[in-house]
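# Structural features, examined
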Amino acid sequence: MNLLEIDNLHVDFATAAGTLHAVRGASLEMGEGEIVGIVGESGSGKSVTASSVLRLLPANGIYAAGDIRYRGRSVFSLSPTELREFRGAEVSMIFQEPGRSFDPIYSVGRAMAETITAHKPNLSEQEVHRRSVELLDEVNVPYPEQRMVNFPHQFSGGLLQRIMIALALASDPKVLIADEPTTALDVTIQAGIMDLLLRLRKERNLAILFITHNLALISKIADRIVVMYGGMVLESGLTRDVLHAPRHPYTRALLNSILSFGRHYTADQLQIIPGTVPNPYAPEPGCPFAPRCPLVHHACTSAIPPVVEDGHRHRCILPGVKE
Ligand SMILES: Nc1ncnc2c1ncn2[C@@H]1O[C@H](COP(=O)(O)OP(=O)(O)O)[C@@H](O)[C@H]1O
Ligand code: SF4
Ligand SMILES: [Mg+2]
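Overview of the structure.

Attention now moves to the site of ligand 1. The environment of ligand 1 is made up of 15 residues, and the closest members are Phe13, Ala22, Lys46, Ser47 and Val48. Top element by residues in the shell around ligand 1 is helix α1 (residues 46-53). It accounts for three residues. Looking at side-chain class alone, the shell around ligand 1 contains six nonpolar, eight polar and one charged residues.

Below is the structure:
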């Protein structure tokens, strides 16, 4: 059985301007200790899909269709108490800007102590302290004992992200969702965080759902890649299959942009694919990539291409045809 399964998820937002269709068919599976990368341009529905796993959508978010199952059980069937336990003990999440996730008036030691106590209320003060130091050491924060008294502003972005990871690990989760955890960091610091995640997967058998706009970055660590666009998963499969035999024109465009611009291209450079992402208020009736696709055909614009499984999964009526 898969550890986590997102099954044809649809999410809308009620907004003053009408209904915004943020996710319109996202599916993925992940096993224990597996690293799955969700990649796509800004606005493609990556964060909304990821936050849905923990049912962390804001009040105007509507789970319109589909299901999310953890160990076979729908997260939508969890009671409030079960949901509280699920968040942390099973699945933890870290975000792009660690600075914003910390309370500036709490020392790191106090933030660690609160998180540890929330999950293990019976530990003594000494045990909580020891556990805090162990966790900071596990994520390679230098001099962890001494740094416990420091406040968030006294750490660099890279160290804060490591502390964020330590907080996420305090509850011993089986899955870590990392939403663009290195996007705000420079390339060297980013590489250090990626190494840390790989080590945690190995040592803890931690499954990681890694969200990024950077295909080059994720292809180095992911077992499987999920390509999102316009709220849909357009292609997914084992990393080597997706990279070496991409079936979808959008995936091929992303790969070409790496070849043309080098491995450290940014979100803006993704814009080299001419055109803009679909309007989430009024999505095209057919393939979301049709307005930008070099292969577009009249059949592409009448209905959303169905999901096809041939080697790996994609949604294109002309899979594998070269532009
Ligand atoms: N709270 C919200 N209210 C309305 N629209 C939202 C909200 N959160 C996200 N969206 C919209 O949902 C779509 C998908 O967003 P998101 O998942 O954050 O994209 P990504 O993470 O891929 O950049 C975007 O059009 C975004 O504007
Ligand atoms: S379905 Fe048509 S428009 Fe969409 S990606 Fe395939 S060829 Fe292009
Ligand atoms: Mg996002």
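Resuming the write-up.
This part covers the pairing of strand β1 (residues 4-15). The sheet contact formed by β1 and strand β4 (residues 61-70) spans eight bridges and is antiparallel. Counted as the bridge partner of Glu5 is Arg69 from β4. By the bridge criterion, ten bridges tie β1 to strand β2 (residues 18-30) in an arrangement that is antiparallel. Within β2, the position partnered with Ala14 by the bridge is Thr19.

What follows is about the packing of helix α4 (residues 108-119) against helix α7 (residues 157-169). Put simply, α4 and α7 touch, their axes get as near as 9 Å, and they point 20° apart. On the basis of their axis angle, the class for α4 and α7 is roughly parallel. Here the hand of the crossing between α4 and α7 comes out right-handed. Contact with α4, carried on its side by Val108, Ala111, Met112 and Thr115, involves Ile163, Ala166 and Leu167 of α7 and no other residues of that element.

Read from one edge to the other, the open sheet built from four strands follows the order β2-β1-β4-β5, with strand pairing classed as antiparallel. Taken across any chain shown, the strands that pair with only one partner, and hence form the sheet edges, are β2 and β5 (73-74). Contacting β1, β2 and β4, α1 crosses the sheet at an angle of about 115° to β1.

Counting residues in each nonpolar core, the largest one holds 74 residues, and the members touching the most others are Met112, Ile163, Ala166, Ile177, Ile208, Leu209 and Val227. At eight residues, the largest contribution of residues to this core is made by α7. Discounting residues that sit within four places of it in the chain, Val227 has contacts with Val39, Gly40, Val233, Leu234, Glu235, Ser236, His248, Tyr250 and Thr251.

We now examine the site of ligand 2. Surveying the vicinity of ligand 2 reveals 13 residues, the closest of which are Cys287, Ala290, Cys293, Cys300 and Cys316. Residues that form the shell around ligand 2 fall into these classes: twelve nonpolar, one polar and no charged.

What follows is about helix α5 (residues 125-138). With 14 residues, α5 should cover 20 Å at 1.5 Å per step; its first-to-last C-alpha distance of 20 Å lies within 8% of that length. For α5, the complete set of buried residues consists of Ser132, Leu135 and Leu136. Looking straight down α5, one finds its buried side chains confined to an arc of 95°; they lie on one side. Every exposed residue of α5 that faces more than 90 degrees away from the buried side is listed here: Gln126, Glu127 and Glu134. In this fold, the buried residues of α5 make contact with α4, α6 (144-147) and α7. Within two residues after α5, Asn140 carries a phi angle of roughly 65°, on the positive side.

Taken together, eight strands build an open sheet; the order of strands is β6-β7-β8-β3-β9-β10-β12-β11 and the sheet is mixed. With partners counted over all chains shown, the strands left at the sheet margins are β6 (91-94) and β11 (308-310), one partner each. Neighbour-to-neighbour, the strand axes of this sheet turn through a mean angle of 15°, independent of strand direction. Here four bridges tie β6 to strand β7 (residues 175-179), and the two strands are oriented parallel to one another. Note on β7: the bridge partner recorded for Ser92 is Leu176. Sheet contacts for α7: β6 and β7; angle to β6, the most-contacted strand, approximately 165°.

What counts as what
- Residues numbered from 1 in each chain as written.
- Chains lettered and ligands numbered in written order.
- Predicted model: local features only at pLDDT ≥ 70, side-chain atom pairs only at ≥ 80, totals over all residues.
- Near = placed C-beta within 6 Å.
- Helix = DSSP H or I, 4+ residues; strand = E, 2+ residues; numbered from the N terminus.
- Nonpolar A, V, L, I, M, F, W, Y, C, P; charged D, E, K, R; others polar.
- Pairing = 2+ DSSP bridges.
- Axes fitted to C-alpha atoms, helices over the stretch in contact; angles between N-to-C directions.
- Parallel < 35°, antiparallel > 145°, perpendicular 65-115°, else oblique.
- Left-handed = near helix turned anticlockwise from the far one by under 90°.
- Contact = placed C-beta atoms within 7 Å.
- Core = buried A, V, L, I, M, F, W, Y, C linked by C-beta atoms within 7 Å.
- Buried ≥ 20, exposed ≤ 12 C-beta atoms within 10 Å, placed from the backbone.
- Expected span 1.5 Å × (residues − 1).
- Arc of directions from axis to C-beta.

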